[in-house]
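Topology and contacts: notes
Here is how the chains run, residue by residue.
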Amino acid sequence: MFGGVTGGGSANQGPTECFVLSNMFNPASEQEPNWAEEIRSDVLGECTNLGGVLHIYVDQHDPNGCVYVKAVNTAVASSCVNSLQGRWFSGKMIKANYLTGQEYSRKFEGTQNLRERLNR
């Protein structure tokens, strides 16, 4: 599902372990029954190759097509953002932006103390 890089650009703030990928999907046009799980699996696979993640959430109702990710550390998150920013996914160019740990924890209660990596 992922394609090559054609542009890129930088994320909006300094690196943290948390980031959001936008423009990953259009919830109004998704047809497959398990589309959100497939997107989650694709993102998990890409990020696992770069060091692993602790949490992923596909916001199925977000019109911006957002997938939220908490990596195992800032270095892994930076690798993920650098790898995914500007790449193509299902015909859409991915945008990646960091979130502070505080922002992420407010959005996803209970994620601040996660330590176990997700498996593919």
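Shown above is the structure to which this text applies.
The following refers to the structure shown. Remember, it's a predicted structure, so these values are computed and weren't measured experimentally. (Residues numbered from 1 in each chain as written. Predicted model: local features only at pLDDT ≥ 70, side-chain atom pairs only at ≥ 80, totals over all residues. Heavy atoms only, no water.)

What about the overall build of the chain?
- Helices and strands together make up the secondary structure of the chain, namely three helices and seven strands.
- For the chain, the N- to C-terminal ordering of α and β elements is β-β-α-β-β-α-β-β-β-α.
- Of all 120 residues assigned to the chain, the portion counted as buried reaches 42%.
- Within the chain, contacts between residues at least 6 apart in sequence are counted, and of these 75% link residues at least 24 apart. (Helix = DSSP H or I, 4+ residues; strand = E, 2+ residues; numbered from the N terminus. Buried < 20%, exposed > 50% of the residue type's maximum accessible area, 1.4 Å probe, protein only. Contact = heavy atoms within 4.5 Å.)

Quick word on helix α2 (residues 74–84)
- Turning to α2, its buried residues are V76, A77, S78, C80, V81 and L84.
- With a side-chain oxygen lying 3.1 Å from the backbone nitrogen of A75, the N-terminal cap of α2 falls on N73. (Polar contact = N/O pair within 3.5 Å; in protein donor to acceptor, adjacent residues only side chain to side chain.)

A short note on the sheet that holds strand β2 (residues 18–22)
- The four strands are arranged β3-β4-β2-β7 in an open sheet whose pairing can be described as antiparallel. The open sheet terminates on both sides in strands that have one partner only, identified here as β3 (53–58) and β7 (95–99). For this sheet, the mean angle separating the axes of adjacent strands, direction not counted, is 20°.
- For β3 and strand β4 (residues 67–71), the ladder comprises five bridges, and the chain directions are antiparallel. Bridge pairing in β4 places V58 opposite V67. (Pairing = 2+ DSSP bridges. Axes fitted to C-alpha atoms, helices over the stretch in contact; angles between N-to-C directions.)

Observations regarding unusual backbone geometry
- Notably, N23 is not glycine yet its phi reads approximately 70°, a positive angle.
- A relative accessible area of 23% means that N23 is categorised as partly exposed.
- We note that S90 has phi near 50°; this positive angle belongs to a residue other than glycine.
- Counting through the fold element by element, S90 comes out in the loop between β5 (87–89) and β6 (92–93).
- By relative accessible area, S90 is classed as partly exposed at 45%.

Points about the state of the cysteines
- Inspection of every chain in the model, using the stated rule, returns zero disulfides.
- Just so you know, C80 is unpaired, no disulfide at all, and the nearest cysteine sulfur is the one on C47, 3.4 Å from it.
- Among the residues examined, C80 registers a relative accessible area of 0% and is labelled buried. (Disulfide = S-S within 2.5 Å.)

Side note on the packing of aromatic side chains
- Following the criterion strictly, the structure yields four aromatic pairs and no others.
- Ring geometry for F25 against W35: centres 4.9 Å apart, planes inclined by 55°, an arrangement best described as tilted. Of this pair, F25 sits in the loop between β2 and α1 (35–49) while W35 sits in helix α1, and the two are ten residues apart along the sequence. Like W35, F25 is buried.
- Taken together, Y57, Y68, Y104 and F108 form an aromatic cluster joined through their ring pairs. (Phe/Tyr/Trp six-rings, centres within 6.5 Å; stacked < 30°, edge-to-face > 60°.)

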